Amino acid sequence: MSKKVTLADVAAKAGVAVSTASKALRNSAQVSGPTRAKVFKAAAELSFSLNERQKQSQPPSLPKSVGLVTSDLDGQFSMPILIGAESYFGVESIPVFLCNAGRDPALEQHHIDNLLAYGVKGLLMVGWRTDPRPALTSCPVPVVYANQASLDPHDCSVVTDNEDIGRLMVRHLVEGGSKKIVLIAGDPAFQSSVRRLKGEMAELDSRGLAAVRTVRYGGWNEETGRRTMIGLLDEGIDFDGVACGNDEIARGCLDILHDRHIAVPDRVSVVGVDNRSVIVGNSRPPLTSVDLNLKAIGTRAASCLADMLDGRSHQGIECVKGTLVQRASTRMPL
């Protein structure tokens, strides 16, 4: 008969005191990040979970309560999805418990174990990037993946339609009169960047056009936009529209166009993605952007999970389209 793993075993393996291990597993702010990571890693390797006494001390499980586990550190994507999910579940008084795994697989598994011990009836797994992720194995409750699809085609996933977003950006630029369009993609290591670029190229091709220049600098930041725009202008590239991989790249482009006294949108139209209020409203001029409709992703994911809790099946990947929000950086359709 195998020996039962205790908290002391976890502490010994992590090289910390039992009290420190206990605080780390309860996500106490008194424990540093590296120490907490060591404890979570040790707990995962020892398959340590809440013991029976701890389980008995937990509050009674709530019918249809749901756990939301996110890997998004700053909440840029997870919080709107959570709000969308809560708006759906709130009508039925179904609580949603949020855990941040911080892109750490061991911490993610620890949160899942604790949520299941608490008695949640379903899980929403929210990814920080759109590249497919490994499916949860042997999970006893229904699972829906939001923003990041599961690699298992039999799972239920709700994600952004990034290819359609690329088409939408180019369509808007062309309908506003742009014909010589530069495409500035984000990091090609991200599936969202690759799919948006694919959509942009497809939309240009469908209209008998080709990109004046396609640039992949690999950064999702303003510096990428500034550096790219300086290069285009210094080379004398003739263009009248720019489709950017995200809002930060777009604002970097706008900064240089403003510094060079190039009129936006009269001479050049610029469009971004994400519709982040802190960026679009502070751009010069205010930035046209595609909203990812993250709340809608959360609402739809919650709807699917609620159906699954009631015994109705959902499988495969469902894509939610973005919405273009026009501001002063692009021309109105002709």
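Residues numbered from 1 in each chain as written. Predicted model: local features only at pLDDT ≥ 70, side-chain atom pairs only at ≥ 80, totals over all residues. Heavy atoms only, no water.

- Looking at an unreviewed UniProt entry, one finds the chain named LacI family DNA-binding transcriptional regulator, with Bifidobacterium polysaccharolyticum as its source organism.

### Quick word on the overall build of the chain
Part 1 of the argument: Along the chain, the regular secondary structure elements total 12 helices and 12 strands.
Part 2 of the argument: Here the C-alpha coordinates of the chain stretch approximately 75 × 45 × 30 Å along the principal axes.
Part 3 of the argument: The buried share among the 334 residues of the chain stands at 50%.
Part 4 of the argument: A separation of at least 24 residues holds for 70% of the contacts in the chain among residues at least 6 apart in sequence.
Part 5 of the argument: Only carbon and sulfur atoms are counted for the fraction: they give 52% of the accessible area of the chain, which is about 15,300 Å². (Helix = DSSP H or I, 4+ residues; strand = E, 2+ residues; numbered from the N terminus. Buried < 20%, exposed > 50% of the residue type's maximum accessible area, 1.4 Å probe, protein only. Contact = heavy atoms within 4.5 Å. Areas by Shrake-Rupley, 256 points an atom, 1.4 Å probe, with all protein chains shown as cover.)

### Quick notes on the packing of helix α3 (residues 33–45) against helix α6 (residues 105–118)
Part 1 of the argument: Following both chains from N to C, one finds α3 and α6 inclined at 65 degrees, their axes separated by 9 Å at the closest point. One element, α3, and the other, α6, form an angle in the roughly perpendicular class. As for how α3 packs across α6, the hand of that crossing is left-handed. Contacts from Phe40, Lys41 and Ala44 of α3 reach α6 at Ala106, Leu107 and His110.
Part 2 of the argument: In the contact of α3 with α6, the residues fall into 4 nonpolar, 1 polar and 1 charged. (Axes fitted to C-alpha atoms, helices over the stretch in contact; angles between N-to-C directions. Parallel < 35°, antiparallel > 145°, perpendicular 65-115°, else oblique. Left-handed = near helix turned anticlockwise from the far one by under 90°. Nonpolar A, V, L, I, M, F, W, Y, C, P; charged D, E, K, R; others polar.)

### Observations regarding helix α8 (residues 191–206)
Part 1 of the argument: A rise of 1.5 Å per residue sets the reference length of α8, with its 16 residues, at 22 Å; its end C-alpha atoms lie 22 Å apart and thus fit the reference within 8%.
Part 2 of the argument: Residues of α8 that are buried: Ser192, Ser193, Arg196, Leu197, Gly199, Glu200, Glu203 and Leu204. The buried residues of α8 occupy an angular sector of 160 degrees when the element is viewed end-on, so they sit on one face. Away from its buried face by more than 90 degrees, α8 exposes Lys198, Asp205 and Ser206.
Part 3 of the argument: Those residues of α8 hidden inside the fold are in contact with α7 (162–175), β6 (181–185), β7 (213–216), β8 (241–244) and β9 (269–273).
Part 4 of the argument: Of the residues one or two after α8, Gly208 is the one with positive phi, at around 70 degrees. (Expected span 1.5 Å × (residues − 1). Arc of directions from axis to C-beta.)

### Some points on the nonpolar core
Part 1 of the argument: Grouped together as the largest cluster of nonpolar side chains are 40 residues, with contacts concentrated most on Phe89, Leu124 and Val144.
Part 2 of the argument: In terms of residue count, helix α12 (residues 294–309) provides more of this core than any other element does, 8 residues in total.
Part 3 of the argument: Leave out the neighbours within four places in its chain, and Phe89 touches Val66, Ile94, Val96, Leu124, Ala302, Leu305 and Ala306.
Part 4 of the argument: Membership of the second largest hydrophobic core comes to 20 residues, among which are Cys253, Ile262, Val268 and Leu287. (Core = buried A, V, L, I, M, F, W, Y, C linked by side-chain atoms within 4.5 Å.)

### As for the pairing of β6
Part 1 of the argument: Extensive coverage of β6 is indicated by the burial of 5 of its 5 residues.
Part 2 of the argument: Judged by which residues are buried, β6 turns out to be covered on both faces: Ile181, Leu183 and Ala185 on one side and Val182 and Ile184 on the other are all buried.
Part 3 of the argument: Two elements, β6 and β8, share 4 bridges in a ladder whose sense is parallel. What sits directly across from Ile184, in β8, is Cys244.
Part 4 of the argument: By the bridge criterion, 4 bridges tie β6 to β7 in an arrangement that is parallel. Looking across to β7, one finds that Ile184 is bridged to Val215. (Pairing = 2+ DSSP bridges.)

### Thoughts on the environment of Ser32
Part 1 of the argument: Tracing the backbone through its elements, the reader meets Ser32 in the loop between α2 (18–25) and α3.
Part 2 of the argument: For Ser32, a relative accessible area of 38% translates into the label partly exposed.
Part 3 of the argument: For the pair formed by Ser32 and Arg216, sequence separation is 184 residues and the distance between their alpha carbons is 37 Å.

### A closer look at the side chain of Arg331
Part 1 of the argument: With respect to the helices, strands and loops of the structure, Arg331 is situated in the segment after β12 (323–325).
Part 2 of the argument: At 4.9 Å, Asp240 is the nearest oppositely charged side chain to Arg331, a buried residue that forms no salt bridge.
Part 3 of the argument: When near neighbours in sequence (up to four residues on either side) are disregarded, Arg331 contacts His172, Gly176, Gly177, Ser178, Asp240, Pro265, Asp266, Arg267, Val268, Ser269 and Gln326. (Lys, Arg positive; Asp, Glu negative; His and termini not counted. Salt bridge = Lys/Arg side-chain N within 4 Å of Asp/Glu carboxyl O.)

### Quick look at the state of the cysteines
Each disulfide consists of a covalent bond between the sulfur atoms of two cysteine residues.
Part 1 of the argument: Per the counting criterion, the structure on display carries 0 disulfides.
Part 2 of the argument: The cysteine Cys139 is free of any disulfide, with Cys99 supplying the nearest cysteine sulfur at 13 Å.
Part 3 of the argument: In this structure Cys139 comes out as partly exposed when scored by relative accessible area, which is 23%.
Part 4 of the argument: Distance from the sulfur of Cys156, which forms no disulfide, to the nearest cysteine sulfur (Cys304) is 4.0 Å. (Disulfide = S-S within 2.5 Å.)

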